[in-house]
Amino acid sequence: MDDKTRTELEAAAFRRLVAHLQERTDVQNIDLMNLAGFCRNCLSNWMKDAADATGVPMSKDESREIVYGMPYDEWRKNNQKDASPEQKAAFEMASVKH
């Protein structure tokens, strides 16, 4: 497979992942972090890092809006729930391992 095709496939997979996460607002970021070690914020940070590395101007808010499909504060207001004690404990345990 040539590099151009690989990049196009990777981009398509990324777009599908982002669309999936935008649809699954019931899945909280802390759950993603606890189970997979990354969340929507991580994806938006990676997007910004890639933009910075290539000289493309992008703010943190812009990268988050790409991943969340709306301004971050709006997503939080509409979808984010308070983390349970169990979720917080699992997060702390995962953080200790790293």
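Scroll up to find the structure.
Since the model is a prediction, treat every value here as computed from it, not as a measurement. (Residues numbered from 1 in each chain as written. Predicted model: local features only at pLDDT ≥ 70, side-chain atom pairs only at ≥ 80, totals over all residues. Heavy atoms only, no water.)

Draft legend 1. The arrangement of the environment of Lys77 in detail. For Lys77, the location among the structural elements is in helix 5 (residues 72-79). Taking the relative accessible area as the measure of exposure, Lys77 reaches 72% and is therefore exposed. Taking the C-alpha atoms as reference, Lys77 lies 21 Å from Phe38; in sequence the two are 39 residues apart. (Helix = DSSP H or I, 4+ residues; strand = E, 2+ residues; numbered from the N terminus. Buried < 20%, exposed > 50% of the residue type's maximum accessible area, 1.4 Å probe, protein only.)

Draft legend 2. A look at the packing of helix 3 (residues 40-54) against helix 4 (residues 60-68). Where helix 3 meets helix 4, the closest approach of the two axes is 8 Å, and the angle between their N-to-C directions is 125°. One element, helix 3, and the other, helix 4, form an angle in the oblique class. Here the hand of the crossing between helix 3 and helix 4 comes out right-handed. Contact residues: helix 3 offers Arg40, Asn41, Leu43, Ser44, Asn45, Met47 and Lys48, while helix 4 offers Lys60, Ser63, Arg64, Ile66, Val67 and Tyr68. When the residues that make up the contact of helix 3 with helix 4 are grouped by side-chain class, the tally is 5 nonpolar, 4 polar and 4 charged. (Axes fitted to C-alpha atoms, helices over the stretch in contact; angles between N-to-C directions. Parallel < 35°, antiparallel > 145°, perpendicular 65-115°, else oblique. Left-handed = near helix turned anticlockwise from the far one by under 90°. Contact = heavy atoms within 4.5 Å. Nonpolar A, V, L, I, M, F, W, Y, C, P; charged D, E, K, R; others polar.)

Draft legend 3. Looking closely at the environment of Val67. Residue position: Val67 is located in helix 4. In this structure, the C-alpha to C-alpha distance between Val67 and Leu43, residues 24 residues apart in sequence, is 7.0 Å. Those residues in contact with Val67 that lie beyond four places of it in its chain are Val18, Gln22, Arg40, Leu43 and Ser44.

Draft legend 4. How the structure looks around helix 3. Here helix 3 spans 21 Å end to end across 15 residues, near enough to the 21 Å set by a 1.5 Å rise per residue. All buried positions along helix 3 are accounted for by Arg40, Asn41, Cys42, Leu43, Ser44 and Ala51. (Expected span 1.5 Å × (residues − 1).)

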